Amino acid sequence: MRRSILSSLRAHLSRLIAACLAIVLGVGFGTLALTAHASASNGIDETIGAQYRGVDAVIYPENAEITPAEVAKLKKLPQADSVVTFTTAYLTAAFPDLVRPAGLGVDALYDTTRIAGPGTSSGRLPTATNEIALPAKLAAKHKVSVGQTLRLNAYTGKSWNVTVVGLIDDAKYVGPASAVATPAALEIFEPDASIRAVGMAAKPGVDQQTLATAAQGVVSGHLKVYTGEAWIDHEVKGYTNGIDVLGGVFGMFAVIALFVACLVIGNTFTIVIAQRTREMALLRCVGASRKQVFSSVLAEASVVGVIASAIGVVFGVALSALVLALAREFDWGLPPVSLHLDLLSLLVPLVLGTVATIAAAVVPARRATKVAPLAALRPEVAPVAASKAGLMRLILGFLLLAGGGLLLTKGASGHQVLIGVAGGVLSFVGVLAIGSLLVPALIKLLGALPARSGGVPARVALANAVRNPKRTAATTSALLIGVTLISLTCVGIASVRKTFDVSMDGQYPVDIMVATYNEKMPASAEQQLRDIKGVTQVVPVSKVTVKTAGQELPVTGIDQAAAGSVIHNPSLAAQLKPGSALLDSPTMSMLDLEEGAPLSVVAGGKKLTLTAHRAVGLDPITITSTDLRKLSAVAPVSGFWLASDPKADGSAVIDAVEQSIPTVKELSVSGGLPERTSYTKIFDVLLIVGVGLLGVSVLIALVGVGNTLSLSVLERTRENALLRAMGLTRRQLRSMLAVESLLMALVAAGLGIALGLIYGWTGTSALMGGQTVDGSVEYAVPVSLLVAIAAVAAVAGLLASVLPARRAAKVAPAGALATE
């Protein structure tokens, strides 16, 4: 049998190439996921470990403050060789490229004899109170070099000129680095700067746990004491939570890709073995047992699985190296991470790919052993569409579809994600189970029009597409999974984003609020803001300090006619009218007011009574400018409310606004745009990652479509030759196969998009229903993306038919009719 297996692999290698490609892609993607995750985790382990080299114990104030008295007690411990405090002052620095100072954290230098400290990439560390060292990345961003003078400002109003004497080497830092100054300088900058942690180094012969236990005995019970190793693990966990989540997402999509590859592999082996029925029958006739035939098929699958999986592992490692190199080259905000290979990230994809290939070949192998030798030697009979096994599968499929639908509905209505996921999985398995009935019916429906108007090729293509329902369903199922997941991702992200937009309009109804502190806005301020790219509306506001219920509070006035252009919540804008006051919740509580209660305010001897309404996201008290003029006829413009273009880069707009109106010393910029921008970036990244990763599964599925079509062409060699002999041209033959492939691709795309809409909407309801204030969820249909998905599937279906069609057209009719 060994010779038979080797000769069979050589003879049928071309038919197994598509299966090998599916395995390579699935395994390669899994290797990429595991290797990238392992490299990122290892890189963070190394960088954080380097930052805390020499630390044997750490005292961290999780729910309390570390006092100087406790530091003194720690220094007296006989087990401690070195005790240093990690102290940070929070100041602002007047960088030369900014019109106003920006926030800057400054750490106090400490004794680095035993515990690692910051190093410089150029210059030196500070030694005097008027010297500072900046992080190299921050200095490069603001174009600051060694020798320059910076102006530092404390929040108390004091300021100092300091000289930049060095640049901190932060190339391998995880997270942003702080500037450093001498402890004496920090005492001047911020005398009450808090101690964020204490690091301790043990004396020779003292282990970390002994030192940590001794430290816990002399400090407050509210302070947390870590060993050095436990602290590094704590810090790594804080940074790798996102990496672990991303690794889980990568792993999930890798499993999906491998599952789709299994469908392609199983379909390939089914068709290959069906075409080798005569060959296997001859083996049975010359003495091969059922067991030997079964073993030979699994042996072929094992060889194919091992070789293709090994290639996939190499492919995945190469992709990982490329991704990490690009991350270093283009500075994606990550610390430099080198490729890290471990046994798990290499062995698991190799084993899974091989096992998946063998598992996918089991059913075809069992089917091959059930054919009697003499029956197999007779001409093959077309498979019967209805069978007992097929009927049971349909019944099971409908039961799974109904049960999954009920769970899906319950999960969406009850906002229970796990129940919704279970319902989605069960219902989708049900769809796959009834695919042999559903897919041919949809193909007949979709192909009715081209069959009538497309002539003989279109009619034959339609007949071929539905001739073998199980094969057609298996072919489209791989593409169906990919399209469903991509559609689900796009619909889900669009719906969640729309839900967030509506929720944000309720919590942050104004994009940007610009205000000053004890300053007047210059006359040119409004025009400066209007000139900023991405700003669509600018409405001035005025403020007056009033007395009410024994409290002094600021009241903001805005023009009623213009308010609706910057307040995105229409109901809130409608409430803003003369005689009404919009109060935020803290102000309502402080004044002990209920909705609709009267509010009396006094300013400059003038009294005004208004009706109070609760509002979220506005100033403490907001009224119309008409009412404000009744309190103060000359209230100056104190700020502006801005609306931005939804398509504009929110970060760029915020930066431009913060750097606008340079004559104002302190400019406050708040509102919903910063929050909106942060989650928009997250959604954009998720969408790009999701579509990119799921595109791999679609690529594998399309390989399966092309493979099935190629094998179908080989199977129908005599039939195609007879059609050619009866007058079908090569062009018509190619058109026939293109229509057949296009019908399968469009049905898979249409069904996948429909399922994606259902799963995306129900998933959004399950996930977001409990997160919004009123439990409402907004549903979105990303029409352009869904149309693009359908178009890509159609084009890919046509491309999948090119090679099989060329192969079929090259066969001479007479030669094909003469083949066995």
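Caption draft 1: Spotlight on the overall build of the protein. Helix and strand counts for the protein come out as 28 helices and 19 strands. By residue count, 47% of the 820 residues in the protein fall in the buried class. Considering only contacts within the protein whose residues lie at least 6 apart along the sequence, 81% involve residues at least 24 apart. Accessible surface, the protein as shown: approximately 39100 Å² in total, 63% of it carbon and sulfur.

Caption draft 2: Structural detail: the nonpolar core. Of all hydrophobic cores here, the largest spans 25 residues; its most connected members are L104, V106, I132, L134, L152, V164 and F189. For this core, the secondary-structure elements that each account for two or more residues are β2 (80-93), β3 (102-108), β5 (131-135), α4 (136-141), β6 (149-153), β7 (159-168), β8 (179-181) and α5 (183-189). A total of 4 residues in this core trace back to one element, the largest contributor, which is β7. Not counting chain neighbours up to four residues away, the residues in contact with V106 comprise T87, T88, A89, L91, I132, A179, V180, A181 and L186. Ranked by size, the runner-up nonpolar core spans 20 residues in total, among them L591, L608, A612 and I623.

Caption draft 3: A look at a positive patch on the surface. A surface patch of positive charge is lined by R730, R731, R734, R806, R807 and K810. Elements represented by at least two residues in the positive patch include exactly α25 (730-768) and α27 (802-810).

Caption draft 4: Inspection of the packing of aromatic side chains at higher detail. In the structure shown here, the tally under the stated rule is 8 aromatic pairs. Relative to Y110, the ring of F86 has its centre 5.3 Å away and its plane inclined at 70 degrees; by these criteria the two rings are edge-to-face. Placement of the pair is F86 in strand β2 and Y110 in the loop between β3 and β4 (120-123), with a sequence separation of 24 residues. By relative accessible area, F86 is classed as buried at 6%. Here the aromatic residues Y52, Y60, F86, Y110, Y226 and W231 are joined through ring pairs into a cluster of three or more. Note that K224 overlies the ring of Y226, its terminal NZ or CZ placed 5.6 Å from the centroid.

Caption draft 5: Region of interest: the side chain of D584. With respect to the helices and strands, the residue D584 is situated in the loop between β14 (580-583) and α20 (585-590). Buried charge without a salt bridge: D584, with R614 as the nearest opposite-charge side chain at an N-O distance of 7.8 Å. Once residues lying within four places of it in the same chain are set aside, the contact partners of D584 are A615, L618, D619 and P620.

Caption draft 6: Seen up close, the packing of helix α15 (residues 455-465) against α25. In contact at an axis separation of 8 Å, α15 and α25 are set at 45 degrees when each is read in the N-to-C sense. When the axes of α15 and α25 are compared, the pair comes out oblique. Crossing hand, α15 versus α25: right-handed. Of α25, the residues touching α15 (which contributes P457, V460, A461, L462, N464 and A465) are Q732, M736, V739, E740 and L743. Classifying every residue of the contact of α15 with α25 by side-chain character gives 8 nonpolar, 2 polar and 1 charged.

Caption draft 7: How the structure looks around the environment of L583. Here L583 shows up in strand β14. Dropping the residues within four chain positions of it, L583 is found in contact with M588, L591, L593, L599, A612, H613, R614, A615, P620 and I621.

Caption draft 8: Just the side chain of S660, in detail. Mapped onto the secondary structure, S660 falls in the loop between α22 (650-658) and β19 (667-670). By relative accessible area, which is 8% here, S660 ends up buried. A distance of 2.5 Å separates a polar side-chain atom of S660 from the backbone oxygen of V657. Discounting residues that sit within four places of it in the chain, S660 has contacts with R100, Q528, L529, I532 and L667.

Caption draft 9: Just helix α16 (residues 469-507), in detail. Between its first and last C-alpha, α16 extends 53 Å over 39 residues, near the 57 Å set by a 1.5 Å rise per residue. The sharpest bend along α16 comes to roughly 30 degrees, located at S477. Buried residues dominate α16, accounting for 28 of its 39 residues.

Caption draft 10: How the structure looks around the pairing of β5. Most of β5 is tucked away, with 5 of its 5 residues classed as buried. Relative to β7, β5 is paired through 5 bridges, and the arrangement is parallel. Bridge pairing links A133 to G166 in β7.

Caption draft 11: Focus on a nonpolar patch on the surface. On the surface, V417, V421, V425, V429 and L767 cluster together into a nonpolar patch covering about 390 Å² of accessible area. Broken down by element, the nonpolar patch gets its largest block of residues, 4 residues, from helix α13 (residues 417-433). Of note, L767 is situated in helix α25.

Caption draft 12: Highlighting empty space enclosed by the protein. Following the criterion strictly, the structure yields 2 cavities of 30 Å³ or more and no others. Looking at the largest cavity, its volume works out to about 50 Å³. Taken together, V431, L432, G435, L438, V439, A473, T476, S477, L480 and L751 form the lining of the largest cavity. Residue assignment for the lining of the largest cavity shows that the elements contributing at least two residues are α13, α14 (435-453) and α16. With 4 residues, the single largest contributor to the lining of the largest cavity is α16.

Caption draft 13: Structural detail: helix α10 (residues 343-369). A rise of 1.5 Å per residue sets the reference length of α10, with its 27 residues, at 39 Å; its end C-alpha atoms lie 38 Å apart and thus fit the reference within 8%. Roughly 35 degrees is the biggest bend found in α10, and it falls at V362, with proline P364 one to four residues downstream. Three or more residues of α10 are buried, namely S345, P349, G353, T354, A356, T357, A360, A361, P364, A365, A368 and T369.

Caption draft 14: Looking closely at the pattern of salt bridges. For the coordinates displayed, the defined rule picks out 6 salt bridges. With a shortest N-O distance of 2.5 Å, D81 and R114 are connected by a salt bridge. One end of the pair, D81, is in strand β2; the other, R114, is in the loop between β3 and β4, and 33 residues separate them in sequence. The class for D81 is partly exposed, based on a relative accessible area of 39%.

Caption draft 15: Structural context of the confidence of the model for the protein. When pLDDT is averaged along the protein, the result is 81, and 82% of the positions lie at 70 or above. Confidence drops under a pLDDT of 50 for residues 380-387, and excluding neighbours within four residues, the segment shows 3 contacts in the predicted structure.

Caption draft 16: Inspection of the environment of L576 at higher detail. Secondary-structure assignment places L576 in the loop between α19 (570-575) and β14. On a C-alpha basis, the gap between L576 and I558 in space is 9.1 Å, while along the polypeptide they are 18 residues apart. With near-sequence residues (within four places) excluded, L576 lies in contact with I558, Q560, A563, I567, L582, T622, I623 and T624.

Caption draft 17: A look at the packing of α25 against helix α26 (residues 783-800). At a closest axis distance of 8 Å, the pairing of α25 and α26 adopts a crossing angle of 155 degrees. Overall, the two elements α25 and α26 adopt an arrangement that is roughly antiparallel. The way α25 lies across α26 gives a crossing that is right-handed. Two secondary-structure elements touch here, α25 through A738, S741, L742, A745, L746, A749, I753 and L757 and α26 through L786, A790, A793, A794, G797, L798 and A800. Here the contact of α25 with α26 is built from residues that sort into 13 nonpolar, 2 polar and no charged.

Cut-off values and rules
- Residues numbered from 1 in each chain as written.
- Predicted model: local features only at pLDDT ≥ 70, side-chain atom pairs only at ≥ 80, totals over all residues.
- Heavy atoms only, no water.
- Helix = DSSP H or I, 4+ residues; strand = E, 2+ residues; numbered from the N terminus.
- Buried < 20%, exposed > 50% of the residue type's maximum accessible area, 1.4 Å probe, protein only.
- Contact = heavy atoms within 4.5 Å.
- Areas by Shrake-Rupley, 256 points an atom, 1.4 Å probe, with all protein chains shown as cover.
- Core = buried A, V, L, I, M, F, W, Y, C linked by side-chain atoms within 4.5 Å.
- Patch = residues over 30% accessible without salt bridge, like charges linked within 9 Å, V, L, I, M, F, W, Y side chains within 5 Å.
- Salt bridge = Lys/Arg side-chain N within 4 Å of Asp/Glu carboxyl O.
- Lys, Arg positive; Asp, Glu negative; His and termini not counted.
- Charge placed at Lys NZ, Arg CZ, Asp CG, Glu CD.
- Phe/Tyr/Trp six-rings, centres within 6.5 Å; stacked < 30°, edge-to-face > 60°.
- Lys NZ or Arg CZ within 6 Å of the ring centre and 35° of its normal.
- Axes fitted to C-alpha atoms, helices over the stretch in contact; angles between N-to-C directions.
- Parallel < 35°, antiparallel > 145°, perpendicular 65-115°, else oblique.
- Left-handed = near helix turned anticlockwise from the far one by under 90°.
- Nonpolar A, V, L, I, M, F, W, Y, C, P; charged D, E, K, R; others polar.
- Polar contact = N/O pair within 3.5 Å; in protein donor to acceptor, adjacent residues only side chain to side chain.
- Expected span 1.5 Å × (residues − 1).
- Bend = angle between axes of the 7 residues up to and from the residue.
- Pairing = 2+ DSSP bridges.
- 1 Å grid on protein atoms, 1.4 Å probe; cavity = no way out; pocket = protein on both sides within 12 Å on 5 of 7 lines; lining within 4 Å.
- Points joined across faces, edges and corners; volume = space filled by probe spheres on them.
- pLDDT = per-residue confidence, 0-100.

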